[in-house]
Amino acid sequence: MAAFRAILRGRLVRGPPPAVGPLRFSSSFKACDLDIERTRTPKPKPEPSSLVFGKQFSDHMLTVEWTDAGGWEAPRIRPFQNLSLHPASSALHYSIELFEGMKAFRGVDDRIRLFRPALNMERMHRSAERSCLPLFDKAELLECIKELVKLDQEWVPHSLEASLYIRPTFIGTEPSLGVSRAGKALLFVIVGPVGPYFATGSFNPVSLLADPAFVRAWQGGVGAYKVGGNYGPTIAVQNEAVKRGCQQVLWLYGPDEQITEVGTMNLFIYLKNQEGEKELITPPLDGMILPGVTRQSLLDLARTWGEFRVTERSMGMKELLELLDAGRVLEVFGAGTACVVCPVGSLLYGGKKYEIPTMKNGPDLAKKFYKELTDIQYGRTASDWAPLVA
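Residues numbered from 1 in each chain as written. Predicted model: local features only at pLDDT ≥ 70, side-chain atom pairs only at ≥ 80, totals over all residues. Heavy atoms only, no water.

Attention now moves to helix H3 (residues 117-130). Every α-helix winds through 3.6 residues per turn, so residues three or four apart in the chain are directed the same way. Compared with the 20 Å implied by 1.5 Å per residue over 14 residues, the 20 Å span of H3 between its first and last C-alpha is a close match. In terms of burial, H3 is largely enclosed, as 10 of its 14 residues are buried. Looking one or two places after H3, you find Cys132, whose phi comes out positive at around 55°. (Helix = DSSP H or I, 4+ residues; strand = E, 2+ residues; numbered from the N terminus. Expected span 1.5 Å × (residues − 1). Buried < 20%, exposed > 50% of the residue type's maximum accessible area, 1.4 Å probe, protein only.)

So, about the side chain of Gln258. Checked against the element boundaries, Gln258 lands in strand E12 (residues 258-262). Among the residues examined, Gln258 registers a relative accessible area of 10% and is labelled buried. A polar contact is formed between the side chain of Gln258 and the side chain of Asp286, at a distance of 3.4 Å. Beyond its immediate sequence surroundings of up to four residues, Gln258 is in contact with Trp251, Leu252, Tyr253, Asp286, Met288, Ser314, Met315 and Gly316. (Polar contact = N/O pair within 3.5 Å; in protein donor to acceptor, adjacent residues only side chain to side chain. Contact = heavy atoms within 4.5 Å.)

The side chains of a regular strand alternate, first on one face of the sheet and then on the other. With eight of eight residues buried, strand E16 (residues 329-336) lies mostly within the body of the structure. Looking at chain direction, strand E13 (residues 265-272) and E16 are connected through six bridges and run antiparallel. The partner of Tyr270 across the bridge, within E16, is Glu331. The hairpin formed by E16 and strand E17 (residues 340-349) contains three residues between the paired strands. (Pairing = 2+ DSSP bridges.)

What follows is about the pattern of salt bridges. Under the counting rule described, the total for this entry stands at 20 salt bridges. A salt bridge links Arg106 to Asp110; the shortest N-O distance between them is 3.2 Å. A relative accessible area of 5% places Arg106 in the buried class. With its nearest N and O atoms 3.1 Å apart, the salt bridge here joins Asp211 to Arg244. Here Asp211 is found in the loop between strand E10 (206-210) and helix H5 (235-243), whereas its partner Arg244 is found in the loop between H5 and strand E11 (248-253), with 33 residues between them in sequence. Through salt bridges with shared partners, one network takes in Asp211, Glu240 and Arg244. (Salt bridge = Lys/Arg side-chain N within 4 Å of Asp/Glu carboxyl O.)

This part covers the confidence of the model for the protein chain. Caution applies to low-pLDDT parts of the model: their predicted coordinates are not meant to be read in detail. Of the residues in the protein chain, 92% reach a pLDDT of 70 or more, and the chain-wide mean stands at 93. Low confidence marks residues 1-23, where pLDDT is under 50. Its contacts with residues over four positions away, or in another chain, come to 33 contacts. (pLDDT = per-residue confidence, 0-100.)

Taken together, the side chains of Leu83, Leu85 and Leu92 present a nonpolar region at the surface, about 240 Å² in accessible area. Locating Leu83 in the fold gives a position in the loop between strand E4 (76-79) and helix H2 (90-94). With relative accessibility at 33%, the residue Leu83 sits in the partly exposed group. (Patch = residues over 30% accessible without salt bridge, like charges linked within 9 Å, V, L, I, M, F, W, Y side chains within 5 Å. Areas by Shrake-Rupley, 256 points an atom, 1.4 Å probe, with all protein chains shown as cover.)

Okay, here's the thing in structure tokens:
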């Protein structure tokens, strides 16, 4: 247990390279100043079995406004409603915006838990700095989010197959067409019940398109930050993948066709290395890779188990194809908040389809990771990774 805690202490502070530009220090809003206005027209709760991802929302939302002149205003929880924005708001024109993805879970004991929320707050803070948006106290924002979840706790599905998705969002609302730092901003949080992210279900294999003509992120860019500009341009490529009979995209980078991420997930490859030992490989946090909370959790668990080698290193397509040809690849899977763990079954590259033996091998490791994480999230296993909210 002491070794496990040491791993956590070291891993919690890891992240992408420091952001550029001056910091925008300002006194933060405080959770103790939170003003709550309850809805007078609560909506009916959907059946867990009918849920799809990201289509339904709860009764309330959290908002906090900021201006260069006045700083942070008091946080507010108010009935869920549309936003009113100036047509020249900087988020609409220059993508001065960022977001996070978190979940709340109703456990086997009917208690509600978050999952490693401090990591989301750390990442959101880094993204705000990189986007030249005002900084905030991470603990205060987390307390406000907890209050929102408490208020809308009946929206957390009574199901061990569903959860409450939490979407903190931060946008520049400066009413100007000048390309500059935003002098006005809005931080808001919306939540809603969700089922499986993929239409194929929670643990069915997906097929990938790997085409070096498409690039998600690059060195010196913002791939390591959770900003909308990393996602919108990928929709056309996702559509192209579907046209070619695939479900997701394996993103490549550079002349050596370096493997980076899969869809909106971090990528893991489980194999037998040249020494004949089992090894789990994932791309390193080199500035292109998003430091995913699930990614970090899988690495922490694997290093605690000590059952196989765990490596963060780059891998090109040439090496992956050679490993597949040699029969040394055991499993390939993605990992992320939305899907938890998602096995990969095949790969389309250069017009040729490559079968990946993930499902033939259980997939023992992917299933073990999935069980360990969901046991923590739903309260079957006690862990300080899953703080209680209600």
